[in-house]
Amino acid sequence: MSSAIPLNVGIVRSAGVDADAPKRVLLAEPRGYCAGVDRAVVTVEKALEKHGAPIYVRKEIVHNRHVVETLRDRGVIFVDETDEVPEGALVVFSAHGVSPAVHESAAERNLHTIDATCPLVTKVHQEAKRFARDDFDILLIGHEGHEEVEGTAGEAPDHVQLVDGPDAVDKITVRDENKVIWLSQTTLSVDETMETVHRLRAKFPNLQDPPSDDICYATSNRQTAVKAMAPACDLVIVVGSRNSSNSVRLVEVALTAGARAAYLVDYAREIDPSWFEGVRTVGLTSGASVPEILVEGVLDMLATYGYGEVQPVTTANETLVFSLPRELRTARS
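Quick caveat, the model's predicted, so the values are computed rather than measured.

### Some points on the packing of helix 7 (residues 217–229) against helix 8 (residues 245–256)
Part 1 of the argument: Helix 8 packs onto helix 7 with a crossing angle of 25° between their chain directions and a minimal axis gap of 9 Å. Of the possible angle classes, the one that applies to helix 7 and helix 8 is roughly parallel. Both helix 7 and helix 8 take part in a crossing whose hand is right-handed. Between helix 7 and helix 8, the contacting residues are Thr219, Arg222, Gln223, Val226 and Lys227 on the first element and Asn246, Arg249, Leu250, Val253 and Ala254 on the second.
Part 2 of the argument: Class assignment of the residues belonging to the contact of helix 7 with helix 8 gives a composition of four nonpolar, three polar and three charged.

Spelled out as structure tokens, the structure:
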């Protein structure tokens, strides 16, 4: 999965507006695609190869503009709900997961389904079902309206209450303070989530923790790398889309950890040259649904502004790989 041993994190604070200080880029590692995103994108690509265009995908397969536009150009049709898919057609469920009601709707329309839900999201779904069976009140920490939250809550709608950040804790009530557990969306800020948990535990002292961490290893690793480099950065650029929760969190983490400024961009062309005024050290990272080609585009642009020195900041090594859905696995000979 990932190593817990910090690697290559010795960074000297930049000299700020010192005109003699060399310009440099601190490049976060790990960054970009996680195992769940890679599995989801490859799932759609393999489905195209096997079945031909068009194929349908419910919601965005992952929250990245470039990935979605590239797949759309190859014949993928993205829909909001299964009732937009022709009866009997093939539909892929996104990496964020879906509720049982969506599976039922697809079955009613005789749709052929391939489930590209990230296995780490599926783990949270299983936890929700397990604790609902045991009649717990489940406090789901996450962002209202996010597809992952809707899918998880849909597993046990009578038992789940959404807690959208620390300030939402005061509104929460439970039936039995001895049977309360918290779960979380996988792509949240680790620090903000633990602040929410702290407030929940102050209100419900017997609050139980999930059996294992719900925030995924990749989200946590990318935030750790940003925390390591941010204090040395005059500017941090995060490559990612605005509807990507984990990408947005990286901007917040960079600012909280000490970066003077931080911005989110989909493409290098969105970078404003005025951001570089007085900047000697630029930090660069990308969200878990971002292909590396977009980071390379930003590095090329930074080089044209004199930021040619690139120093990796490595805090973990990721080796986890998820198998494709069974419908797309190559049969062994």
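Text resumes after the structure shown.
### A look at the nonpolar core
Part 1 of the argument: Counting residues in hydrophobic clusters, the biggest one holds 31 residues, and the most contacted among them are Val44, Ile55, Ile61, Val62, Val76 and Val92.
Part 2 of the argument: Among the secondary structure elements, those contributing two or more residues to this core are helix 1 (35–51), strand 2 (55–58), helix 2 (65–73), strand 3 (76–79), strand 4 (90–93), helix 4 (119–133) and helix 7.
Part 3 of the argument: In terms of residue count, the dominant contributor to this core is helix 1 (seven residues).
Part 4 of the argument: Beyond its immediate stretch of four places on either side in the chain, Val62 contacts Val37, Ala40, Val41, Val67, Val68, Ala95, His96 and Ser289.
Part 5 of the argument: One finds Val265, Tyr267, Leu299 and Met301 within the second-largest nonpolar core, a separate group that totals 22 residues.

Basis of the calculations
Residues numbered from 1 in each chain as written. Predicted model: local features only at pLDDT ≥ 70, side-chain atom pairs only at ≥ 80, totals over all residues. Heavy atoms only, no water. Axes fitted to C-alpha atoms, helices over the stretch in contact; angles between N-to-C directions. Helix = DSSP H or I, 4+ residues; strand = E, 2+ residues; numbered from the N terminus. Parallel < 35°, antiparallel > 145°, perpendicular 65-115°, else oblique. Left-handed = near helix turned anticlockwise from the far one by under 90°. Contact = heavy atoms within 4.5 Å. Nonpolar A, V, L, I, M, F, W, Y, C, P; charged D, E, K, R; others polar. Core = buried A, V, L, I, M, F, W, Y, C linked by side-chain atoms within 4.5 Å. Buried < 20%, exposed > 50% of the residue type's maximum accessible area, 1.4 Å probe, protein only.

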